[in-house]
Amino acid sequence: MNFFWKKRWIFFIVIGVSLLYAKVAKRLYDIQLGNRSGGIVNAMDFTKKLPARRGGIYDRNGMDKPLASSVPYWKVFIDPEGLTEDQKPAVMRQLAQFNEFDEDKVFLALSSNKGRYHPIGQTINRETIDAISTNIFLKRCVGKEIVTKRNYPVGSHMCHVVGVVNSVGEALDGIELKMDKYLTGTDGYIKGVASAKRREIASKREEKVLPINGSDVFLTLDRNIQYYVEIALDEAMIETSARSAWAIVQDPHTGEILAMASRPNFDPEQYGSCHPEDKWNRAIFMNYEPGSTMKALTFAAGLNENLFKTNSIINVDPGLYAGRSLQDHVQGNITLTVATQKSSNRAASRVAMALGRQKFEEYLKAFDFGRKSGIELTGESSGILSSSKSWSEVQAIRIAIGQGISVTGMQMVSLYSAIANKGLRMKPYVIDKIVAPNGEVLLQSHPIPLGHAFTEKTAEDASFMLSTVTQIGGTGRRANIPGYAVAGKTGTAQIPVGGRYSTTDYTASFVGFFPAANPRVTILVALDAPKPNYHGGTVAAPVFSKIGASIARYLEIPPDYPDAIQF
């Protein structure tokens, strides 16, 4: 073979070997960087999410003890491809040492011949993750994905206010839902190329966007006061066999809600399986007839219109009131103060008739009866108040004694707080502030006056009359707190059922504030269908006293009568 042909053969051999190397290189590239079975990672379009932390929810005392927080945890999975049958038992033994992963899932993952992503469990233990990542053998076949989980450290405590986020991160109730736009962060991501072992090739990273965490929400609620309220409600539910119960504690001067509780309650971890009615925040959702607690408004309106004074004489003898007879605890001539102390139905009817239907309705609307308060919570009801144009004379006097009108606990506590605050209504609120991750205050709540519904003189007179209710001879003496002057009112209302009033089921309530001369807190307690006793002064007033005494100690409220306090 001449020299020319030798050169040509050498040329063809070089070309052939080069093509062979190129084919082998391409095959190796496909193996290393190609698409994985199951479509988990695409070598040409790899994206990894960097999850943002959802903001926390805290009470008024700060960040030491969160009510809701997002904690990081890792989903752990096995990629069995590349493991020999001899290696699989060793993987199982080493994973078993952590005592955190389901052995059945590990066995099935290692036994699978399909797919390369087989979850075996999750962990919040950083040491476990570090041990897997540094184990030369395990890190070849065990992967992990960091995610966040919503955690409720106090369980059912404050559950109706705090609310719930489900397992996929959806806000379902309470502050979690109402403030979701603030609490939710913005996820970051990494874009680039990953190897067939699911590991990013750092040199081929295209983009990295860091996550922006959600903002923290601070409530006006005080977890200690909330604890006192919840314990008292739980004990009352047992003692009275009540169907349900609710309570609210408010600062009358600012409108801040210091505690809000409802029974039955729920465990946030079991939200999806609990009874639907357990999810109701009855303090703002439940429409109920208030009974005699409404007389505080009736009597105060009469004072405010200068139709009556605290010592005005009212005849409450049996007879017809708007064409109907009314039951009462007293008869004869009594003062408006005694009418308040004894909870006189006939006196309240006299005042309502003197006011007239239109004027009486104006006072009811001034306190937003029939309208929502706008508090930053889900599920608030508006109550039920019909137009005075449709009232008969009988309906007007029934509303005056708390029948024929439905209210919410929020509306009633706001009424009594206005009396405690010298007639000035304050907008109720539960959000103190919202703080971004960088410390910027995105929202700071401030007390919002809604105007004077009563004059200061009317409020002082009404407070004086209500303070006699808890004294000897009053219907609410069991609400008395040793060492303090308490102003308030009992309520006992038949529950409407099927267009008629039940003869067995009642709503028992007490609403009041203390110290009467310089109030620090307003408290509402309501029990639904307690038995066998059902009067507000018998079953609700003692709960008020128990809550109030605990708050007095906690807030170190100076007593009116120091000698009356027993230590």
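Residues numbered from 1 in each chain as written. Predicted model: local features only at pLDDT ≥ 70, side-chain atom pairs only at ≥ 80, totals over all residues. Heavy atoms only, no water.

A. Molecular detail of the pairing of strand E8 (residues 188–192). Because side chains alternate across E8, one face comprises the buried residues Gly188, Ile190 and Gly192, and the other comprises Tyr189 and Lys191, none of which is buried. Alignment of strand E1 (residues 46–50) against E8, held across five bridges, turns out to be antiparallel. Within E8, the residue paired with threonine 47 across the bridge is lysine 191. In the sheet, E8 pairs with strand E9 (residues 207–209) via three bridges, with the strands oriented antiparallel. Opposite lysine 191, over in E9, you have glutamate 207 as the bridge partner. (Buried < 20%, exposed > 50% of the residue type's maximum accessible area, 1.4 Å probe, protein only. Helix = DSSP H or I, 4+ residues; strand = E, 2+ residues; numbered from the N terminus. Pairing = 2+ DSSP bridges.)

B. View of the side chain of threonine 408. Residue placement: threonine 408 occurs in the loop between helix H14 (393–400) and helix H15 (409–420). The exposure class assigned to threonine 408 is buried, which follows from its relative accessible area of 0%. Those residues within four positions of threonine 408 in sequence are excluded, and the remaining contacts are Ala283, Ile284, Met286, Asn287, Tyr288, Ser381 and Gly383. (Contact = heavy atoms within 4.5 Å.)

C. View of the pattern of salt bridges. On inspection of all chains with the given rule, the structure shows 23 salt bridges. One salt bridge in this structure joins aspartate 461 and lysine 457, with 2.6 Å as the shortest N-O distance. With a gap of four residues between them, aspartate 461 and lysine 457 both fall in helix H16 (residues 456–467), about one helical turn apart. A single network of salt bridges, built from pairs that share partners, joins Arg54, Arg150, Glu176 and Asp180. (Salt bridge = Lys/Arg side-chain N within 4 Å of Asp/Glu carboxyl O.)

D. Broad picture of the nonpolar core. Grouped together as the largest cluster of nonpolar side chains are 88 residues, with contacts concentrated most on Ile175, Leu219, Met260, Leu297, Leu364, Phe369 and Met412. A per-element tally of this core places H15 first, with eight residues. Beyond its immediate sequence surroundings of up to four residues, phenylalanine 369 is in contact with Met294, Leu297, Leu364, Ser382, Leu385, Ile405, Val407, Gln411, Met412 and Leu415. Counting residues in hydrophobic clusters, the runner-up holds 34 residues, among them Ala236, Leu258, Phe514 and Ile557. (Core = buried A, V, L, I, M, F, W, Y, C linked by side-chain atoms within 4.5 Å.)

E. Focus on the environment of glutamine 122. Its location among the elements puts glutamine 122 in strand E4 (residues 118–123). With 45 residues separating them along the chain, glutamine 122 and phenylalanine 77 place their C-alpha atoms 8.8 Å apart. For glutamine 122, the contacting residues outside a window of four places in its chain are Tyr73, Trp74, Lys75, Glu100, Phe101 and Lys149.

F. Spatial organisation of the sheet that holds strand E2 (residues 57–58). Pairing in this open sheet of four strands is mixed, and the strands run E2-E10-E18-E19 from one edge to the other. This sheet does not close on itself; its edge strands, each paired only once, are E2 and strand E19 (441–444). In this structure, E2 lies alongside strand E10 (residues 216–219), joined through two bridges in parallel fashion. Residue isoleucine 57 lies in a different strand from E10, and its bridge partner there is valine 217.

G. How the structure looks around the packing of aromatic side chains. Under the criterion given, the structure shown has 14 aromatic pairs. Taken together, a centroid distance of 4.6 Å and an interplanar angle of 40° make the contact between phenylalanine 77 and tyrosine 117 tilted. Of this pair, phenylalanine 77 sits in strand E3 (residues 69–78) while tyrosine 117 sits in the loop between helix H3 (103–111) and E4, and the two are 40 residues apart along the sequence. Residue tyrosine 117 is classed as partly exposed on the basis of its relative accessible area of 26%. (Phe/Tyr/Trp six-rings, centres within 6.5 Å; stacked < 30°, edge-to-face > 60°.)

Purely spatial values, then, with no claim about function.
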